[in-house]
Amino acid sequence: MNTYTCLEDLSNEIFFEIFDYLYALDIFTAFGSLNKRISSILQSIPLHVIILNNHYDKEINLLSSYLTFHADQVISLKCYDTIRDRSSIISLLFNRHHFINLQSCIFIFDKPSNELENVLKQIENLHRLVTFYVTQSNYKKISEKDECDIIRTIFMNKLSSLRSVTLHYDYNYSNISTYTLNASNLISLDLLISGKVNTISIYSILPILRVCHRIRYLHAIINEEIPSKRTFRVRVQEPFINENDLVISPQIKSFHLSTTVECNIHSIGLILRCMPNLIHFKFYHGTRKVQWQNAQDLINGHKWQNMFEIHVPFLSKFDFHMSIMKYNPKFDLDMIINSFEYFVKKNPEWQLIVDRWENYDIYPGEFLMLRTIDYHKYKRNLPMNIPLMDYESFETRSTKTTTNDHYLYYSDTKYLELNLTTRAPRINSSFPLYQHINSLMINMPVICSSSSNNSLNIKDSFQSNVQSNENDYTQECISCLSKMVYLSNVYQIEFQTFDDPIEWKYIQCVLQACPNVVNLKISSSYWILSEFIDNKFLISIFKQIKILKSIKKNRYIPSNFLLKLVERFPSITNIEFEMFSFDDCISTIDILLNYLKDLCYLKIYYYQDSLLDYPVSRNYVIDKRREAFNFNIINEYKVTVTKNREFVEIRLS
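Bear in mind that the values here come from a model prediction, so they are computed numbers and not experimental data.

Scoring rules and cut-offs
Residues numbered from 1 in each chain as written. Predicted model: local features only at pLDDT ≥ 70, side-chain atom pairs only at ≥ 80, totals over all residues. Heavy atoms only, no water. Helix = DSSP H or I, 4+ residues; strand = E, 2+ residues; numbered from the N terminus. Polar contact = N/O pair within 3.5 Å; in protein donor to acceptor, adjacent residues only side chain to side chain. pLDDT = per-residue confidence, 0-100. Contact = heavy atoms within 4.5 Å. Buried < 20%, exposed > 50% of the residue type's maximum accessible area, 1.4 Å probe, protein only. Pairing = 2+ DSSP bridges. Axes fitted to C-alpha atoms, helices over the stretch in contact; angles between N-to-C directions. Core = buried A, V, L, I, M, F, W, Y, C linked by side-chain atoms within 4.5 Å. Domains from an automatic or database assignment. Salt bridge = Lys/Arg side-chain N within 4 Å of Asp/Glu carboxyl O. Expected span 1.5 Å × (residues − 1). Phe/Tyr/Trp six-rings, centres within 6.5 Å; stacked < 30°, edge-to-face > 60°. Parallel < 35°, antiparallel > 145°, perpendicular 65-115°, else oblique. Left-handed = near helix turned anticlockwise from the far one by under 90°. Nonpolar A, V, L, I, M, F, W, Y, C, P; charged D, E, K, R; others polar.

**Here's the deal with the environment of R371**
Stage number 1. Take R371: it is sitting in strand β12 (residues 365-372).
Stage number 2. A distance of 2.8 Å separates a polar atom in the side chain of R371 from a polar atom in the side chain of D412.

What follows is the structure in structure tokens.
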């Protein structure tokens, strides 16, 4: 017997459970206008509002129209300040609505904002607020006034319910000791402390400890702003610290220190001396050039052991990631590993791996990377970019007898930059060292092309041998690459090339070795190179590419090439490249709109603007898509067109 259940037949309890899994915009879009019973249920559920940077103004207006009657039900809010076609969304929401029962609030700024005054006034009166999070993205600084106002709002007002605060925007907190703080119930604090050379140091955390007495969980990111290359080198001065006047914070149980400033065991020890009851310490040392003596300090397990025994006797968990650039002489990797023997004996599950390769930025020098096996498990880890790796000089050591599990230490590492070379790394691992990489940037080798021999009077047999050697060379490159990376997991590749005509052979071999690549960034010189674009071994790979970008090098795509491009890459959703003039772009845009059914985004840079008024408007784009693919292929409100003197950008979804 067949039984059919209508939506209206479901019990209220099932609806409540369904709504627990949905955000407010999804709920109102799907259920907002169904019937009176559903509307009645919607009056009594807690709401979670999330606004991402890929939302549109039309969606926000729909959400806002419902929040007029439901704002008091919102208990959590996560909001980007800039969406696809509008900015200052946070102030827009708080000007329209009062979220009196808000418990969790997350603001993400990707453009400078100067309209937070009313927002912060509301925040001051949110007496149920438990979690507050503010972050800036893409290095877009919040205005200086807003920075100070946020600090005062959070730390100087009596928000008795507030327990957890995260402030990830550039601020040095040098004046925080002048504030009269009322955030007495705060137990978790996560701060980005950032400033210029000699305005911040590893000790910049100390004023925070002096004013936040009940903190139990502390994460401090201490980031030194890197001066431009044109700036004269500034001598780093060690700040004076009165070791007899250190504040004691006995409540702190967990401390995560992430830093890119110069430090050593002594300076870290002074910080930990303030936390005598610390149980868990996690340390991140970001990539930077380090004085030889400080590097020797940080990689010495005996010094860590001695410092912990003196200052934090209750410490039970210690994890770290350290990235260090230094000049020669080289360190003994086995000596480094042996110095941490105490931690392995204390906890056999605690393991350490050390990698090393040559660093040509400070040649003669080396790059060292040390990581414990559990470091990757933490949710608050900073994004980590491993510096350009020369795997010809790569070495690794582990506290285990084998390095076959190297990939386990880096399961959170998704991006890697490599020099392509034929010399295999000096490792004995049976598996690729980095098995979770999905994005590769490959520096192509400098090649002595055999094409130069064509101008010489050399026998054909010799040319044949050269060709054979080149094929062997490319295969050796791929063999070495596969020892470093599990290539089947790679879906995004960028090639940094010298635009040498012979490089296409190496690019071909890499693409063939990465069967799942869908995102390709490469010099446009190869887009129009017949040996590459007409290569029968690459046709099937081209057909699966969804994102295609050219590396900006003033390599212009001719407009008469576009028909071949859409033929070779029919699955493109996103495409970016350069043309000489905007005049060339007009026919190009027409071809892309007419032939690429899945196209979502295109951006064309040009060197020469046009004085003529061409009809690249939003309506023009919509009409073109409808003519090519019928009326149902496009959501009009998602179409945006931007044109300036440098590029034209069209977003279709």
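Anyway, onward from the coordinates.
**Let's talk about the confidence of the model for the protein**
Stage number 1. Taken residue by residue, the protein gives an average pLDDT of 85. The fraction at 70 or more is 88%.
Stage number 2. By mean pLDDT, the top-scoring element of the protein is strand β1 (residues 47-51) (97), and the lowest-scoring one is helix α15 (residues 460-484) (65).
Stage number 3. For the stretch residues 229-234, pLDDT sits under 50, and the model shows 2 contacts to residues farther than four places along the chain or on other chains.
Stage number 4. The low-confidence segment residues 449-466, where pLDDT is below 50, has 11 contacts with residues more than four positions distant or belonging to other chains.

**Some points on the side chain of H55**
Stage number 1. As for its position among the elements, H55 is in the loop between β1 and α4 (57-70).
Stage number 2. H55 sits in the buried class, given a relative accessible area of 14%.
Stage number 3. Within the structure, the side chain of H55 is placed 2.9 Å from the backbone nitrogen of L52, a separation counted as a polar contact.
Stage number 4. Ignoring sequence-local partners within four residues, the contact set of H55 consists of L25, I50, I60, I83, R84 and D85.

**Focus on the pairing of strand β10 (residues 317-327)**
Stage number 1. Within β10, 9 of the 11 residues are buried, which leaves the element mostly enclosed by the surrounding structure.
Stage number 2. Pairing of strand β9 (residues 280-285) with β10, which is carried by 6 bridges, proceeds in the parallel orientation. Bridge assignment links H280 to a residue of β10, and that residue is K317.
Stage number 3. Judged from the 7 bridges that link them, β10 and β12 form a sheet pairing that is antiparallel. Residue pairing for β12: S323 is matched across the bridge by M369.

**Observations regarding the sheet that holds strand β15 (residues 439-443)**
To summarise the sheet geometry, strands pair through backbone hydrogen bonds and adopt either a parallel or an antiparallel arrangement.
Stage number 1. Taken in spatial order, the 9 strands make up an open sheet running β14-β15-β16-β17-β18-β19-β20-β22-β21, and their pairing is mixed. A single partner strand is all that each edge strand has here, and the edge strands are β14 (415-419) and β21 (640-643). Strand-to-strand twist of the sheet, defined as the mean angle between neighbouring strand axes without regard to direction, takes the value 15 degrees.
Stage number 2. Pairing of β21 with strand β22 (residues 647-651), which is carried by 4 bridges, proceeds in the antiparallel orientation. Looking across to β22, one finds that V641 is bridged to I650.
Stage number 3. Each of β15, β16 (492-496) and β17 (519-522) touches helix α16 (residues 504-513); the most contacted strand, β16, lies at about 165 degrees to it.

**Re the pairing of strand β4 (residues 131-136)**
Stage number 1. Both strand β3 (residues 104-109) and β4 contribute to a ladder of 6 bridges, which runs parallel. If you follow S104 over to β4, its bridge partner there is T131.
Stage number 2. Judged from the 5 bridges that link them, β4 and strand β5 (residues 164-168) form a sheet pairing that is parallel. Bridge assignment links T131 to a residue of β5, and that residue is S164.

**Quick notes on the nonpolar core**
Stage number 1. Counting residues in each nonpolar core, the largest one holds 113 residues, and the members touching the most others are F107, F132, L167, F255, F281 and W304.
Stage number 2. Built from parts of two domains, this core gets at least three residues from each of domain 1 (48-162) and domain 2 (163-226 + 246-401).
Stage number 3. Excluding its chain neighbours within four sequence positions, the residues that come into contact with F107 are L77, C79, I90, F94, V119, I123, F132, Y133, V134 and T135.

**Considering the pattern of salt bridges**
Stage number 1. Counted according to the given criterion, the structure contains 23 salt bridges.
Stage number 2. Residue K345 pairs with E341 through a salt bridge whose shortest N-O separation is 3.2 Å. Here E341 and K345 lie together in helix α13 (residues 341-346), a separation of 4 residues that amounts to about one turn.
Stage number 3. Given the relative accessible area of 42%, E341 is considered partly exposed.
Stage number 4. Between K400 and D405 there is a salt bridge; the shortest N-O distance is 2.7 Å.

**Some points on helix α7 (residues 144-156)**
Stage number 1. Helix length check: α7 (13 residues) gives 18 Å between terminal C-alpha atoms against 18 Å at 1.5 Å per residue, within 8%.
Stage number 2. Those residues of α7 lying buried are D146, E147, C148, I150, I151, T153, I154 and F155.
Stage number 3. Looking at the packing, one finds that the buried side of α7 touches α6 (117-124), β4, β5 and β6 (188-195).

**What to know about the packing of aromatic side chains**
Stage number 1. All told, the structure shown has 41 aromatic pairs when counted by the stated rule.
Stage number 2. Taking the centre distance of 5.8 Å and the plane angle of 85 degrees together, the rings of F107 and F132 count as edge-to-face. Of this pair, F107 sits in strand β3 while F132 sits in strand β4, and the two are 25 residues apart along the sequence. Take F107 and F132: they sit in the same class, and that class is buried.
Stage number 3. Judged by centre distance (5.2 Å) and plane angle (80 degrees), the rings of Y342 and F343 are edge-to-face.
Stage number 4. On the accessibility criterion, F343 (7% relative accessible area) is buried.

**Some points on the environment of H97**
Stage number 1. With respect to the helices and strands, H97 occurs in the loop between α5 (89-96) and β3.
Stage number 2. Separated by 25 residues in the primary sequence, H97 and D72 have C-alpha atoms spaced 8.8 Å apart.
Stage number 3. Dropping the residues within four chain positions of it, H97 is found in contact with S64, L67, T68, A71 and Q122.

**A look at the packing of helix α21 (residues 582-595) against helix α22 (residues 618-629)**
Stage number 1. One can describe the packing of α21 onto α22 by two numbers: an axis separation of 8 Å at closest approach and a directional angle of 45 degrees. By the angle between their directions, the pair α21 and α22 is classed as oblique. For the pair α21 and α22, the sense of crossing is right-handed. Taking contact as the criterion, the partners of D590, L592, L593, N594 and Y595 in α21 are, on α22, Y620, V621, K624, R625, A628 and F629.
Stage number 2. Split into classes, the residues belonging to the contact of α21 with α22 amount to 7 nonpolar, 1 polar and 3 charged.

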